[in-house]
Amino acid sequence: MTSVLYDAQGPRAKRRNIVYSAVFLVAAAAVVWWVYRSLDDKGQLDWEKWKPFFSGSEAWTTYILPGLKNTLIAAALSMLIALPLGAVFGIARLSDHAWVRIPAGVVVEFFRAIPVLILMIFGVALFAEYTGVSSDDRPLYAVVTGLVLYNASVLAEIVRAGILALPKGQTEAAQAIGLRKTQIMTSILLPQAVTAMLPAIVSQLVVIVKDTALGGAVLTFPELLASVSPMSSYYGANTIASFTIVAVIFVALNFTLTTFASWLEGRLRRSKRGTGAVLGADDVEELNAAEVGGSFGTGASA
């Protein structure tokens, strides 16, 4: 039996694929066993290494929860600033006026080309040299500044691409009924583009959450990942256990964000659908008769 895309496999191809699958499974099992034995030989799987996370709250209240709080604060501030800023620059890049479009394009391309870590380092130097921000708050300000500048530029390109992906007939129809440019953008284009852009926007928000770890690695920002080193030292070099717990928390955060975005996208798509009701010829005639009768009645009463 054949398909439109490919021919059905013959007996030799099926046997070969079964052999390849078996070899891959054996190799994967060997790698898993090697990792397990290596960790077990070094004592990283002993209960004493994992006990602080399951038998008490000290590790959570002293290290993990404060770091998680700082991660959420930095990520939330960056999202709240980067989202509207990216939308503004994305719309500005579509402007018909060159004095708006060109500067916006220069800003977006400049900050999009610089690694976010360099922006954070420049942020620390900027706040230390030209502001009165205390040394305790300086890492947070630098992390948020770097995340906002980089991700706002990326979000601007997402917004611009989402709007350009819409059919030109949307804009032409809006112009035909006399809407102004601002009305077309806010009432016609953006509401439709948001649904299409949502997966890409959520992906960038996940990047924001993960990139907060750069501040802990370089700028001594006390975020979630930075809590691993002191926690591992205090509990007897349980590095694998500490990294595993922190990784699970990051996965849970990003999975929650992605799940919420998927729910929101589905809700937006359902809200834009019609009722799906199909009118027959008799229904259309009744509606026309009602409209004609109503108009005649109105004229007679007048």
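Everything quoted here is computed from the prediction, not taken from an experiment.

Asks: Got a sec to walk through the overall build of the protein chain? Specific residues and values, please.
Replies: Along the backbone of the protein chain there are 11 helices and 0 strands. The 302 residues of the protein chain split such that 31% are buried. Considering only intrachain contacts with a sequence separation of at least 6, the fraction spanning at least 24 residues in the protein chain is 73%. Of the accessible surface of the protein chain, which amounts to about 19000 Å², a share of 66% is contributed by carbon and sulfur atoms.

Asks: Tell me about a nonpolar patch on the surface, residues and numbers included.
Replies: Together, Val 19, Tyr 20 and Val 23 make up a nonpolar patch on the protein surface, roughly 320 Å² of accessible area in all. Its location among the elements puts Val 23 in helix α1 (residues 11-41).

Asks: Pulling in residues and values, what's your account of the side chain of Ser 95?
Replies: Locating Ser 95 in the fold gives a position in the loop between α3 (58-92) and α4 (98-113). Looking at Ser 95, the relative accessible area reads 16%, which means it is buried. Among residues more than four places away in sequence, those in contact with Ser 95 are Val 100 and Arg 101.

Asks: Talk me through the nonpolar core; I want residue IDs and the actual numbers.
Replies: One finds Phe 53, Ile 64, Val 143, Leu 224 and Met 231 to be the most contacted residues of the largest nonpolar core, which totals 45 residues. At the level of secondary structure, the elements contributing two or more residues to this core comprise α2 (47-54), α3, α5 (116-130), α6 (138-164), α8 (181-218), α9 (228-234) and α10 (239-272). Ranked by the residues each element gives to this core, the list is headed by α6, at 11 residues.

Asks: Report on the environment of Ser 153, specifying residues and quantitative values.
Replies: Locating Ser 153 in the fold gives a position in helix α6. Considered as a pair, Ser 153 and Leu 85 are 68 residues apart in the sequence and their alpha carbons are 8.4 Å apart. Once residues within four sequence positions are removed from consideration, Ser 153 is found in contact with Val 107, Val 108, Phe 111 and Arg 112. A polar contact of 2.9 Å, which involves the side chain of Ser 153, links it to the backbone oxygen of Leu 149.

Asks: Could you give an account of the pattern of salt bridges, with specific residues and numbers?
Replies: Within the structure shown, the criterion is met by 7 salt bridges. Here Lys 181 and Asp 96 are joined by a salt bridge, their closest N and O atoms 2.7 Å apart. Pair noted here: Lys 181 is in helix α8 and Asp 96 is in the loop between α3 and α4, with a separation of 85 residues, a long-range link. The pair formed by Lys 181 and Asp 96 is uniform in burial state, with each residue classed as exposed. Between Glu 109 and Arg 112 there is a salt bridge, with its nearest N and O atoms 3.0 Å apart. Pair noted here: Glu 109 and Arg 112 are both in helix α4, with a separation of 3 residues, about one helical turn. In this structure Glu 109 comes out as partly exposed when scored by relative accessible area, which is 34%. Owing to a relative accessible area of 33%, Arg 112 belongs among the partly exposed residues under this scheme. Here the salt bridges do not stand alone but share partners, grouping Arg 93, Glu 109, Arg 112, Glu 157 and Arg 160 into one network.

Criteria and thresholds
- Every chain's residues receive numbers from 1 upward, in the order its sequence appears when written.
- At least 70 in pLDDT is required for a residue's local features to be given in this predicted model, at least 80 for side-chain atom pairs to be given and counted, and no such filter applies to totals for whole chains, interfaces and linings, which use all residues.
- For the side-chain quantities, the full set of heavy atoms in the structure was used; hydrogens and water were omitted.
- Helix and strand definitions follow DSSP, with helices as H or I runs of at least four residues and strands as E runs of at least two, each counted in order from the N terminus.
- Think of it in three bands: residues with accessible area under 20% of the maximum for their type are buried, residues over 50% are exposed, and the middle band is partly exposed, with areas taken using a 1.4 Å probe on protein chains only.
- We call two residues in contact when some of their heavy atoms are within 4.5 Å.
- Residue-level accessible areas treat just the shown protein chains as cover; the underlying method is Shrake-Rupley with a 1.4 Å probe.
- Residues with no salt bridge and a relative accessible area higher than 30% make up the patches, which join like charges within 9 Å and nonpolar side chains (Val, Leu, Ile, Met, Phe, Trp, Tyr) within 5 Å.
- Any carboxyl oxygen of Asp or Glu that lies within 4 Å of a side-chain nitrogen of Lys or Arg is treated as forming a salt bridge with it.
- The criterion is simple. A nonpolar core is a set of buried Ala, Val, Leu, Ile, Met, Phe, Trp, Tyr and Cys residues joined through side-chain atoms within 4.5 Å.
- As used in this structure description, the phrase polar contact means that two N or O atoms lie within 3.5 Å; if the pair is within protein, one of them must be able to donate a hydrogen and the other to accept it, and residues adjacent in sequence are counted only when both atoms belong to side chains.

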